[in-house]
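# Geometric and topological summary
What follows is each chain in one-letter form.
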Amino acid sequence: MSEIHPFIAALEGEAKAREAAEAEFRREMNRKVAELAEARAFAFRRMNVMRALFDMVSGAEDREAAIAKAVRALRDRLGWVEDSEARTGVLERYAGVAGAAFDATHPREEDEAPDPAKALAEFEEWYASTREKPFWVLFEHYMPETQLVDF
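Now for a quick tour of the structure. If you're wondering where the values come from, they're calculated on a predicted model, not measured in any experiment.

### A short note on the side chain of E124
Along the chain, E124 turns up in helix α4 (residues 116–131). Note on E124: relative accessible area 18%, which makes it buried. Engagement of the side chain of E124 in a polar contact is seen with the side chain of W136, the distance being 2.4 Å. Residues contacting E124, with those up to four places away along its chain left out, are R46 and W136.

Put into structure tokens, the structure is as follows:
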């Protein structure tokens with residue numbers, strides 16, 4: 001086998017460097033696409049949960065009953081049938097968000113304007129700091145594939 005000419009070796013080195021640069025770019029692009037997709041999914045989950053919450057509490061007359069109903073609705077939406085200390089903590093904190101939503105939809109002149117965005121942000125921050133992941137991952141339900149049965 002003959003020795004590779006230095007010119008060809010340099011071209012081969014450049015080609016491999018370009019290949020590595022492309023691979024790195026693709027890894028970074030895929031990471032960024034995944035990051036953006038997760039942010040989009042969380043934004044839609046946040047919007048849908050808050051829309052349902054506001055719809056629920058805006059028509060309620062009693063604050064405590066509205067909060068209890070909202071907490072039950074979140075529990076049902078997450079499929080939480082059994083209690084646990086962790087779940088109870090989440091639902092208790094979420095009650096604060098529900099209360100802020102009720103107050104925002106039932107403003108009283110003597111009260112300071114409620115800020116449901118602040119309540120939600122505090123809830124999300126609390127969840128992330130105690131669970132080390134965003135609250136919105138709870139809405140990612142794995143649905144196992146089921147066999148198609150032909151009759």
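### Examining unusual backbone geometry
Phi angles above zero are rare outside glycine, and E132 is one such case at about 60 degrees. For E132, the position within the fold is in the segment after α4.

### Points about the nonpolar core
Core analysis: the largest hydrophobic core is formed by 29 residues, its most contacted members being L53, Y94, F123, F135 and F139. Elements that contribute at least two residues to this core include exactly α1 (6–58), α2 (63–78), α3 (85–105) and α4. No other element matches α3, which puts seven residues into this core. Residues within four places of Y94 in sequence aside, it is in contact with V49, M50, L53, A70, V71, L74 and F123.

Criteria and cut-off values
Residues numbered from 1 in each chain as written. Predicted model: local features only at pLDDT ≥ 70, side-chain atom pairs only at ≥ 80, totals over all residues. Heavy atoms only, no water. Helix = DSSP H or I, 4+ residues; strand = E, 2+ residues; numbered from the N terminus. Buried < 20%, exposed > 50% of the residue type's maximum accessible area, 1.4 Å probe, protein only. Polar contact = N/O pair within 3.5 Å; in protein donor to acceptor, adjacent residues only side chain to side chain. Contact = heavy atoms within 4.5 Å. Core = buried A, V, L, I, M, F, W, Y, C linked by side-chain atoms within 4.5 Å.

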